[in-house]
Amino acid sequence: MAANDATTKTAQGATDLHVAFIMDGNGRWATSRGWPRLVGHRKGAERVRELVRACPELGIGHITVYAFSTENWKRSTEEVIGLMSIFARYIRREADELSSAGVRLRFIGDRSRLDPKLQQLMCAIERRTAGNRLLQFNVAINYGGRDELARAARQLAADVQAGLLTLEDCDQAALEARLDTAGSPDPDLVIRTSGETRTSNFLPWQAAYSEYEFTPTLWPDFTPEHLAEILTRFGLRERRFGAVLTG
Ligand code: IPE
Ligand code: IPE
Ligand code: MG
């Protein structure tokens, strides 16, 4: 099978699914109750915690969550700082449980713009959980698909310039190996909450053949039961990857 055939990188069977989430609607959830937006982000982080726990029994082996985009810096300083402190607190609070529960944490996105203390926490938990195999949990912070592709292209150019690669070596596999997600399977399913039907710069390369599900539920209301219901419907979909299926 060709190396770039989408089927080669798809979870086989229902026991190792990769589900990615565009966690949207925290702000609306809070403001509709007359609360500050950060209250919605805190509630959203609790939902992430519950979903991560539920993944293994739902047959999910990889989960990716979009926590902060390269475009989210446009928000107020208060909201950005608040979000960053929620990320730091989440890592500190969850570190013990994630590592003993067999979860491997990995961050994607450009971390160079993040606070050095947050970067240290991220590196430390990645190292601590590197040997875990039950669930791979990817968190996208300062992630943008276009930014990721531009960084990978720059790295490819640097490797050619350094004589490590020839121009002919610059194929899909070479670019993919330089993405933040290198080595991870592509998402089988991308779920966006809050009723918006756009991808907002999330995993444009990796989700080229993913199934999409858009639900009106706001992220702070999204529970493992909602996920289980979506997965049941996902199981009925026929994924063709461009081929004509027989039988
Ligand atoms: C998603 O919720 C979380 C982040 C983008 C960080 P929002 O904050 O975008 O919530 P809405 O879309 O304003 O309701
Ligand atoms: C996408 O949500 C980014 C994250 C979920 C982190 P946004 O709320 O930032 O997306 P837009 O602005 O509605 O496209
Ligand atoms: Mg939003």
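Scroll up to find the structure.
Here the structure is a predicted model, which means the values were calculated and not measured. (Residues numbered from 1 in each chain as written. Chains lettered and ligands numbered in written order. Predicted model: local features only at pLDDT ≥ 70, side-chain atom pairs only at ≥ 80, totals over all residues. Heavy atoms only, no water.)

**Student:** Is there a simple way to think about the sheet that holds strand β2 (residues 60-69) in this case?
**Tutor:** Within a beta sheet, neighbouring strands are joined by backbone hydrogen bonds and run either parallel or antiparallel to one another. In space, the 6 strands of this open sheet follow the order β3-β4-β2-β1-β5-β6, with parallel pairing throughout. Looking along the sheet, the strands with just one partner apiece sit at the ends: β3 (103-108) and β6 (211-214). This sheet shows a mean twist of 20° between the axes of neighbouring strands, independent of strand direction. As paired strands, strand β1 (residues 17-22) and strand β5 (residues 189-192) are joined by 4 bridges and run parallel to one another. Its bridge partner lying in β5, Ile22 is registered against Arg192. Strand contacts of helix α3 (residues 77-100): β2, β3 and β4 (135-143), with the helix running at about 155° to β2, the strand carrying the most contacts. (Pairing = 2+ DSSP bridges. Helix = DSSP H or I, 4+ residues; strand = E, 2+ residues; numbered from the N terminus. Axes fitted to C-alpha atoms, helices over the stretch in contact; angles between N-to-C directions. Contact = heavy atoms within 4.5 Å.)

**Student:** Explain helix α7 (residues 224-234) here, please?
**Tutor:** Side chains of residues three or four places apart in an α-helix project in the same direction, reflecting 3.6 residues per turn. Looking at α7, one finds that the buried residues are Pro224, Leu227, Ile230, Leu231 and Phe234. All buried residues of α7 project into a common sector of 120° when viewed along the axis, lining one side. Relative to its buried face, α7 has exposed residues pointing more than 90 degrees away, namely Glu225 and Thr232. Buried positions along α7 lie against β1, α2 (37-54), β2, β5 and β6. (Buried < 20%, exposed > 50% of the residue type's maximum accessible area, 1.4 Å probe, protein only. Arc of directions from axis to C-beta.)

**Student:** Got a minute to help me understand the pairing of β6 in this structure?
**Tutor:** Two faces make up the sheet, and in a regular strand the side chains alternate between them. Only one face of β6 is covered, namely the face carrying Glu211 and Glu213; the face carrying Tyr212 and Phe214 is uncovered. As paired elements, β5 and β6 share 4 bridges and run parallel to each other. Bridge pairing in β6 places Ile191 opposite Glu213.

**Student:** Even after reading the chapter, I still don't get the nonpolar core, so can you show me in this structure?
**Tutor:** Nonpolar side chains in soluble globular proteins tend to be buried together. Of all hydrophobic cores here, the largest spans 45 residues; its most connected members are Val19, Phe21, Val52, Ile60, Ile63, Phe137 and Leu227. A total of 10 residues in this core trace back to one element, the largest contributor, which is α3. Sequence-distant contacts of Phe137, that is, excluding residues within four places in its chain, are made with Val48, Val52, Ile63, Val65, Tyr90, Val103, Arg104, Leu105 and Arg106. By size, the runner-up hydrophobic cluster in this structure holds 10 residues, among which are Ile22, Ile108, Tyr143 and Val190. (Core = buried A, V, L, I, M, F, W, Y, C linked by side-chain atoms within 4.5 Å.)

**Student:** Where do I start with the site of ligand 2 in this structure?
**Tutor:** Near ligand 2, the surroundings consist of Ile22, Met23, Asp24, Tyr66, Ala67, Phe68, Ser69, Asn72, Arg75, Arg192, Arg198 and Ser200. The side chain of Arg192 places a nitrogen or oxygen atom 3.3 Å from an oxygen atom of ligand 2. Here an oxygen atom of ligand 2 and a side-chain polar atom of Arg198 are 2.8 Å apart. Out of a free accessible area of 390 Å², ligand 2 has 78% covered by protein chains. Tallying contributions element by element places β2 first for the shell around ligand 2, with 4 residues. Among the residues forming the shell around ligand 2, the class breakdown is 5 nonpolar, 3 polar and 4 charged. (Near = heavy atom within 4 Å. Polar contact = N/O pair within 3.5 Å; in protein donor to acceptor, adjacent residues only side chain to side chain. Areas by Shrake-Rupley, 256 points an atom, 1.4 Å probe, with all protein chains shown as cover. Nonpolar A, V, L, I, M, F, W, Y, C, P; charged D, E, K, R; others polar.)

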